[in-house]
Amino acid sequence: MDCAFDNLDAAGFMQIWQHFDADDNGYIEGKELDDFFRHMMAKLGPGDKITEEKVQQLKTRFMSAYDVTTDGRLQIQELANMILPEDENFLLIFHREAPLDSSVEFMKIWRKYDADSSGYISALELKNFLQELFKQHKKNLPSNKLDEYTDAMMNIFDKNKDGRLDLNDLARILALRENFLLQFKIDANSQAERKRDFEKIFAHYDVSKTGALEGPEVDGFVKDMMELVRPSISGPELDQFRVVLLRHCDTNKDGKIQKNELALCLGMKPKP
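Below or above, wherever it landed, is the structure these notes cover. The model shown is predicted, which means the values in this text are computed figures rather than measured ones.

### Observations regarding the overall build of the chain
Link 1 in the chain: Looking only at helices and strands, one finds twelve helices and four strands in the chain.
Link 2 in the chain: In terms of overall dimensions, the chain has C-alpha extents of about 70 × 45 × 30 Å along its principal axes.
Link 3 in the chain: Across the 272 residues of the chain, 46% fall into the buried class.
Link 4 in the chain: Long-range contacts, defined as pairs at least 24 residues apart, comprise 58% of the intrachain contacts of the chain with a sequence gap of at least 6.
Link 5 in the chain: Accessible surface computed for the chain: about 14200 Å², of which carbon and sulfur atoms make up 51%.
Link 6 in the chain: Computing the positive centroid from 37 side-chain charges and the negative centroid from 49, the chain places the two 5 Å apart.

This is the structure in structure tokens:
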């Protein structure tokens, strides 16, 4: 990384993110992206003439290196990797080779964050979890630095400024991929197509391969199902719908959703 943002800390990064994510949708994209690279060019070569061609060349160069999701826009982790010095890049503790592609994995992490099962992540819960993650990365942070990182994350991701994080806030932090269920047609043309889709869907959420959905597997399925209808749901809403789904589908009352139970709930028969 060129030295365009030397000595940038978490608070400074937060200001840059909030400035260039002008529509507050969790991405720097379109005109926002061009504005960012124009700003970067000014910092890289103060006094140099900035042309649209040079801006696009710089954009191409950096996006090829840092746009991990290859969607032509910057998520917050991608920007952090681009401009934050490694010793200040607090988002590195969430780094993985690719974004989360399973709501089941996401819900495992959500349940760990939401220690009091309130359906939200408080600043204290976030701070405790950050501390745990940094210890796993063998980094012992002074208290003031941990407070700084917690405040920065709350300021960036707490969109409604109520002092807590919700499901959608955490999804942005962890770069969760698009809803798995969006690839399937609800009104598939034939019974054979619906059965084929059901097999794929059940296999995706049955991460443990036990033939039944349980715990975070149910959570992940519920989250994706609800978001087909409502793009933004809260933790308490997910918990309520989980109860409803289990009440209707868990016919043997074992706290799990067997494959045949889910098939009956969705109006189809699974393959034997």
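### Let's talk about unusual backbone geometry
Link 1 in the chain: A positive phi angle, close to 55°, is found at aspartate 24, a residue other than glycine.
Link 2 in the chain: Looking at the element boundaries, aspartate 24 is found in the loop between helix H1 (10–20) and helix H2 (31–44).

### Looking at the packing of aromatic side chains
Link 1 in the chain: The tally for this structure, following the rule as stated, stands at ten aromatic pairs.
Link 2 in the chain: Judged by centre distance (6.3 Å) and plane angle (35°), the ring pair of phenylalanine 37 and phenylalanine 62 falls under tilted. Linking phenylalanine 37 in helix H2 with phenylalanine 62 in helix H3 (residues 52–66), this pair joins segments that are 25 residues apart in sequence. Comparing phenylalanine 37 with phenylalanine 62, the two get one shared label, buried.

### Observations concerning the pattern of salt bridges
Link 1 in the chain: With the rule as written, the count across this model stands at 18 salt bridges.
Link 2 in the chain: Note that arginine 73 and aspartate 71 form a salt bridge whose closest N and O atoms lie 3.1 Å from each other.
Link 3 in the chain: According to the relative accessible area criterion, arginine 73 is partly exposed, its value standing at 24%.
Link 4 in the chain: In this structure aspartate 71 comes out as partly exposed when scored by relative accessible area, which is 34%.
Link 5 in the chain: A salt bridge links lysine 256 to glutamate 214; the nearest nitrogen and oxygen atoms lie 4.0 Å apart.

About the criteria used
- Residues numbered from 1 in each chain as written.
- Predicted model: local features only at pLDDT ≥ 70, side-chain atom pairs only at ≥ 80, totals over all residues.
- Heavy atoms only, no water.
- Helix = DSSP H or I, 4+ residues; strand = E, 2+ residues; numbered from the N terminus.
- Buried < 20%, exposed > 50% of the residue type's maximum accessible area, 1.4 Å probe, protein only.
- Contact = heavy atoms within 4.5 Å.
- Areas by Shrake-Rupley, 256 points an atom, 1.4 Å probe, with all protein chains shown as cover.
- Lys, Arg positive; Asp, Glu negative; His and termini not counted.
- Charge placed at Lys NZ, Arg CZ, Asp CG, Glu CD.
- Phe/Tyr/Trp six-rings, centres within 6.5 Å; stacked < 30°, edge-to-face > 60°.
- Salt bridge = Lys/Arg side-chain N within 4 Å of Asp/Glu carboxyl O.

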